[in-house]
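Architecture at a glance
Here's the letter readout for the chains.
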Amino acid sequence: MEYDVIVVGGGLAGCAAATHLAEAGHRVAVLEKGSFPRHKLCGEFLSPEVQEAFRSLGVLDRVQDAGAHEIDRACLTSPRGSTFRSDLPGIALGLSRYALDEMLFERAATAGADTIDGTRVTDISGSLSDGFTVASSTGERTARVVLGAFGKRSTLDRKLERPFLDKPSDLVAFKAHYRGPSVPRTIEIHTFPGGYCGISHVEDDRVNVCWIGNTQSLQDAGGSPEAMLNASLRRNPHLDDRLASAERVTDTFYAVSQVSLEPKSPFTNDVCMIGDTAGMIAPLCGDGMAMALTSAELATPFVDEYLRGTRSAESFREAYSQAWSDMFSLRMRVGRLAHAAAMRPSLAAATVGTLRLAPFIGRWLIRATRG
């Protein structure tokens, strides 16, 4: 079947882009390897700017009705017990990917996109000038434009020979939902030796506990997330206090390995990348979900103009790449520096101490790592 646009991946960026393009009158397909609803490893913290993105997608009321938890404060702690607190520049939201991904997948369908789940894309060939062929577990489809929204790391990255894969990563991440800890209206980031952990409320009075650390910490703890949680995370006294009253309510821990914060390219082999596929901000910053939605809004006008013949392929590539850099490059660089500091206990303690003495630096960091 022929389409104007095929979106590979049905997460936040993919579904947002599909909704905007379908409403603009284009023939759009979303190819998603999994099915919804399902849990996904994520901090599940939505920065303040997402409310406007949800409003433009027509889902803000549904997000609020789903029980999204309002968050307007941040707290950062170190293993040595020091704490920095600050207000956020607006109202953020906490909502699980279990609820949000299904909602946006359905929204893309009501906008007119063909939403096709249970479909694993195995290859993408072609170009903007010649058109694309997308091979998948449910057959081949063609399109004039392909948007890559397949997440942090995929076998497609290897197929497309993306350079970031040449730099191995020793980072692993885990997530589970709990009941017990109470962190009303607050996103907490707790650093521990070899990593950091985010805690915040989502819907149904649940608390999302999501952490990233190095593989050495995982191996030293015995190789299981539960053991790592007890051996490493609880060395931060604030985090230990939170976890002491926590009862896990998800059946398992959700995990991702080889998490890469290396720079990526907004275009690879003429495939236009959005969301984490274009570049992943350090989880410490809590802006990944907002960036995914923003990158979809950034890309779709250029896609629309290209499809209507008012922008050339070369101009499409150059304009989107420049717009992506202008929007995200600073926060990506700041995020990588903050991540490096948080991974080392002495630097984490020094950073928190500095922010306590000069809170304006903390407020600048919060604003510099989001839209």
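Just so we're clear, the structure is a prediction, and the values are computed from it rather than from any experiment. (Residues numbered from 1 in each chain as written. Predicted model: local features only at pLDDT ≥ 70, side-chain atom pairs only at ≥ 80, totals over all residues. Heavy atoms only, no water.)

**With respect to helix α10 (residues 313-342)**
Helix length check: α10, at 30 residues, gives a terminal C-alpha distance of 41 Å against a target of 44 Å (1.5 Å per residue), a fit within 8%. Within α10, the axis deviates most sharply at F328, by approximately 45°. (Helix = DSSP H or I, 4+ residues; strand = E, 2+ residues; numbered from the N terminus. Expected span 1.5 Å × (residues − 1). Bend = angle between axes of the 7 residues up to and from the residue.)

**Quick word on the side chain of R107**
With respect to the helices and strands, the residue R107 is situated in helix α4 (residues 97-110). Setting aside its immediate chain neighbours within four residues, R107 contacts T19, E23, L57, G58 and V59. (Contact = heavy atoms within 4.5 Å.)

**Focus on unusual backbone geometry**
Across the junction of F36 and P37, the peptide omega takes the value 0°, indicating a cis bond. Positionally, P37 belongs in the loop between β2 (28-31) and β3 (45-46). Notably, E44 is not glycine yet its phi reads approximately 55°, a positive angle. Among the residues examined, E44 registers a relative accessible area of 0% and is labelled buried. Of note in this structure, D204 is not a glycine but carries a positive phi near 60°. You can see D204 is positioned in the loop between β12 (195-201) and β13 (207-214). (Buried < 20%, exposed > 50% of the residue type's maximum accessible area, 1.4 Å probe, protein only.)

**Observations regarding the pairing of strand β7 (residues 121-127)**
With 6 bridges connecting them, β7 and strand β8 (residues 131-136) associate as antiparallel partners. Within β8, the position partnered with I124 by the bridge is V134. Where β7 hands over to β8, the hairpin turn is made up of 3 residues, counted between the paired strands. (Pairing = 2+ DSSP bridges.)

**Observations regarding the packing of helix α1 (residues 12-23) against α4**
Axis separation between α1 and α4 bottoms out at 8 Å; the angle between their running directions is 20°. Judged by the angle between their axes, α1 and α4 are roughly parallel. Both α1 and α4 take part in a crossing whose hand is left-handed. Between α1 and α4, the residues in contact are L12, C15, A18, T19 and E23 and R97, L100, D101, L104, F105, R107 and A108, respectively. (Axes fitted to C-alpha atoms, helices over the stretch in contact; angles between N-to-C directions. Parallel < 35°, antiparallel > 145°, perpendicular 65-115°, else oblique. Left-handed = near helix turned anticlockwise from the far one by under 90°.)

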